[in-house]
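Residue-level structural notes
These are the residues of each chain, in order.
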Amino acid sequence: MAAKRPAPAPFRCTECGWTTSKWAGRCGECQQWGTVVEAVAQTGVMRGFTAVVPNSERAARPITQLSTLDSPRRPTGVGEFDRVLGGGIVPGAAVLLSGEPGVGKSTLLLEVAARAARDGYRVLYVSAEESTAQVRLRAERTGALHDELYIASETDLATLIGHVDEVKPGLLIVDSVQTVSSALSEGLAGHPSQVREVAATLVRVAKERAMPVLIVGHVTKDGSIAGPRLLEHLVDVVCHFEGDRQTSLRFVRALKNRFGPTDEVGCFEMTGDGIAEVTDPSSLFLSTGTPVSGTCVAVALEGKRALPVEIQALVVPASGPNPRRVVNGVESSRVAMILAVLERRARLRLSERDVYVSTVGGVRLTEPATDLAIALAIASAATDQPVPHKVAAFGELSLTGEIRAVTQLAQRRAEATRLGYEEIVDSSILDVTNALMLLQVIARQADPEPPAAVTGRGAF
Ligand SMILES: Nc1ncnc2c1ncn2[C@@H]1O[C@H](COP(=O)(O)OP(=O)(O)OP(=O)(O)O)[C@@H](O)[C@H]1O
Ligand SMILES: [Mg+2]
């Protein structure tokens, strides 16, 4: 007797597709509230279907008989953006660019649009957030005026596709997916079902016409892309545009890329004239001038790029019963751990002192590889002993005070050397004992020749 088929789940999450036999207020998979709806009402997945015989062009073939030709890429003309995309944009690719409000998404894509237009491609930039006059004003300011750059202000998906049919662009830009809506879908613009419908239609249109589409996506307060989780699955590339509001520096990272690696980072600077590429960001995060106590240079990795960053620390007597720990650009939990290691392992008394740690240029460091430089900057500030000039440090600090090796050591060393750092302190010259001694030497202010100690030239 044939086995009884399990009953299909009648409820489904609109965010992640999780299915359940009973309705639930919260999705069991993605933990979103109010996203579980009846599957029949949502997509009609319960309805039966009839198999369709594919035509010969679409028939499945053995993999060995398939063409190995890579999809030809077209550089966007913005080198730093191309770097993130893996060399350029692939025809028919759907690229989602997410970022916080005001970070510069529209400015970047208008720049991409203008460069593409100058390269001879017709571009359609559809803004669902701004009027055409606003976009024109920005284009005047950033120098993005071109006859082949078409602008439309449109929030209706069907009309947007109508614009595509009329203009026949070689590149489509939609700003943003959360502000376009379709009459075929329920809810207002930005509703998960609307965002899914708009994104799916744009992806389909892009694939059918071999026309790349760049889509702007908003992020929620917690930094994730607003809308259904499926949005990220629908598109080919997801790029995140980030930067500190206080500084003009911006980074674009690929979070997902079906056509290239995701470890590249594009570096930009927001200026009064728009957005400028920063092709060599290495010296941006270093202060100039003679070394003072409380500073040390770390070499962080931003994607494939090694980026020397100066870390500054200030240690002063506590101004109240609870010593203050104020950090900027580094993680406070990481600094707390480093302070504990310095206190316990290097016998540096910090528990009754206020500690301030900051990175130059406000760059955010999350890598444990910067621990050693943070530790040296704090130790140097606490003892008023400058870390010698031309010294860069990288290594992860363990709770035992050990300096652990970091990834991509050769790359970090090469970049530090290129920028003129003569001595590099890392786990290859510092073992457990002499790393501790190094910190102790600084702590005790006992060494009249700190360069020899710090550089590990056999001082220990
Ligand atoms: N007239 C101006 N002069 C100089 N800089 C400007 C000017 N207007 C805007 N900017 C800069 O451009 C930034 C806004 O860029 P843009 O509109 O591209 O951001 P966005 O990410 O698209 O924002 P939103 O999410 O609101 O659409 C501002 O934060 C500001 O730094
Ligand atoms: Mg915008």
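What this report covers is the structure whose coordinates are included nearby. What you see is a predicted model, and the numbers here were worked out from it, not measured in a lab.

1. Observations concerning the overall build of the protein
Scanning the protein for helices and strands turns up twelve helices and 20 strands. For the protein, with 460 residues in total, the buried portion stands at 47%. Restricting to contacts in the protein with at least 6 residues of sequence separation, those with at least 24 account for 67%.

2. Some details on the site of ligand 1
Around ligand 1, 13 residues are found, and the nearest of them are Gly102, Gly104, Lys105, Ser106 and Thr107. Gly104 places a polar main-chain atom, nitrogen or oxygen, 2.9 Å from an oxygen atom of ligand 1. Lys105 has a polar backbone atom sitting 2.8 Å from an oxygen atom of ligand 1. Against a free-state accessible area of 650 Å², the protein chains account for coverage of 60% of ligand 1.

3. What about the sheet that holds strand β1 (residues 11-13)?
Overall, antiparallel pairing links the three strands, which are arranged β2-β1-β3 in an open sheet. Edge positions in the open sheet fall to β2 (19-20) and β3 (36-38), since each of these has one partner strand only. Sheet topology note: the β1/β3 ladder contains three bridges and is antiparallel. Across the sheet, Arg12 pairs through a bridge with Val37, a residue of β3.

4. Considerations on the layout of surface pockets
Approximately 460 Å³ is the volume attributed to the largest pocket. Every residue lining the largest pocket is counted, 26 residues in all, and those nearest its centre are Glu242, Phe251, Arg253, Glu302 and Arg364. Mapped by element, the contributors of at least two residues to the lining of the largest pocket are β10 (249-257) and β13 (295-302). When its residues are assigned to classes, the lining of the largest pocket shows eight nonpolar, ten polar and eight charged. Inspection of the lining of the largest pocket shows a minimum of three residues originating in each of domain 2 (79-279) and domain 3 (283-455).

5. Here we look at the pattern of salt bridges
According to the stated counting rule, one finds 18 salt bridges in the structure shown. A salt bridge links Arg334 to Glu396; the nearest nitrogen and oxygen atoms lie 3.9 Å apart. Highlighted residues: Arg334 in helix α8 (residues 332-345) and Glu396 in strand β18 (residues 396-397), separated in sequence by 62 residues. Overall, the relative accessible area of 21% leaves Glu396 in the partly exposed class. Glu396 is the salt-bridge partner of Arg404, the closest N and O atoms lying 3.0 Å from each other. Shared partners join several salt bridges into a network, and the residues in it are Arg334, Asp371, Glu396 and Arg404.

6. Some thoughts on the nonpolar core
Counting 44 residues, the largest nonpolar core has Val357 and Ile378 as the members making the most contacts within it. Going through the elements one at a time, β10, β11 (265-271), β13, β14 (305-317), α8, β16 (353-359), α9 (371-383) and β17 (391-393) are the ones with two or more residues in this core. With ten residues, the top contributor of residues to this core is α9. Looking at which domains feed residues into this core, each of domain 2 (79-279) and domain 3 (283-455) supplies at least three. Residues Leu85, Ala114, Cys239 and Val252 belong to the second largest nonpolar core, which totals 33 residues.

7. Here's the deal with the packing of helix α5 (residues 157-167) against helix α6 (residues 192-209)
For the pair α5 and α6, interaxial distance at closest approach is 11 Å and the crossing angle is 15°. When the interaxial angle is binned, α5 and α6 end up roughly parallel. In this structure, the crossing between α5 and α6 has a hand that is right-handed. In this structure, α5 uses Leu157, Leu160, Ile161, Val164 and Asp165 to contact α6, whose residues at the interface are Glu197, Val198, Thr201, Leu202, Val205 and Arg209.

8. Thoughts on the sheet that holds strand β7 (residues 171-175)
Spatial ordering of the open sheet is given by β6-β5-β7-β8-β4-β9-β10-β11-β12, a layout of nine strands whose pairing is mixed. The outermost strands of the open sheet, each flanked by one partner alone, are β6 (149-153) and β12 (274-277). When the angles between neighbouring strand axes are averaged without regard to direction, this sheet yields 25°. Pairing geometry for β7 and strand β8 (residues 213-218), over three bridges, is parallel. Within the sheet, the bridge partner assigned to Ile173 lies in β8 and is Leu214. Sitting on the sheet, helix α4 (residues 132-142) touches β5 (123-127), β6, β11 and β12, and the angle it makes with β6 is about 145°. Contacts from α6 reach β4 (94-99), β7 and β8, with the element oriented near 165° to β8.

9. Digging into α9
Note on helix geometry: an α-helix contains 3.6 residues per turn, so any two residues three or four positions apart are oriented the same way. For α9, which comprises 13 residues, the first-to-last C-alpha distance of 18 Å matches the rise-based estimate of 18 Å (1.5 Å per residue) to within 8%. A large share of α9 lies buried, amounting to 13 of its 13 residues. Asp384 occupies a position one or two residues after α9 and carries a positive phi of about 60°.

10. Here's the deal with unusual backbone geometry
In this structure, Ser176 follows Asp175 across a cis peptide bond, with omega equal to 5°. Its location among the elements puts Ser176 in the loop between β7 and α6. Notably, Lys168 is not glycine yet its phi reads approximately 50°, a positive angle. With a phi angle near 50°, Ala210 is a residue other than glycine that sits in the positive phi range. Structurally, Ala210 can be placed in the loop between α6 and β8.

About the criteria used
Residues numbered from 1 in each chain as written. Chains lettered and ligands numbered in written order. Predicted model: local features only at pLDDT ≥ 70, side-chain atom pairs only at ≥ 80, totals over all residues. Heavy atoms only, no water. Helix = DSSP H or I, 4+ residues; strand = E, 2+ residues; numbered from the N terminus. Buried < 20%, exposed > 50% of the residue type's maximum accessible area, 1.4 Å probe, protein only. Contact = heavy atoms within 4.5 Å. Near = heavy atom within 4 Å. Polar contact = N/O pair within 3.5 Å; in protein donor to acceptor, adjacent residues only side chain to side chain. Areas by Shrake-Rupley, 256 points an atom, 1.4 Å probe, with all protein chains shown as cover. Pairing = 2+ DSSP bridges. 1 Å grid on protein atoms, 1.4 Å probe; cavity = no way out; pocket = protein on both sides within 12 Å on 5 of 7 lines; lining within 4 Å. Points joined across faces, edges and corners; volume = space filled by probe spheres on them. Nonpolar A, V, L, I, M, F, W, Y, C, P; charged D, E, K, R; others polar. Domains from an automatic or database assignment. Salt bridge = Lys/Arg side-chain N within 4 Å of Asp/Glu carboxyl O. Core = buried A, V, L, I, M, F, W, Y, C linked by side-chain atoms within 4.5 Å. Axes fitted to C-alpha atoms, helices over the stretch in contact; angles between N-to-C directions. Parallel < 35°, antiparallel > 145°, perpendicular 65-115°, else oblique. Left-handed = near helix turned anticlockwise from the far one by under 90°. Expected span 1.5 Å × (residues − 1).

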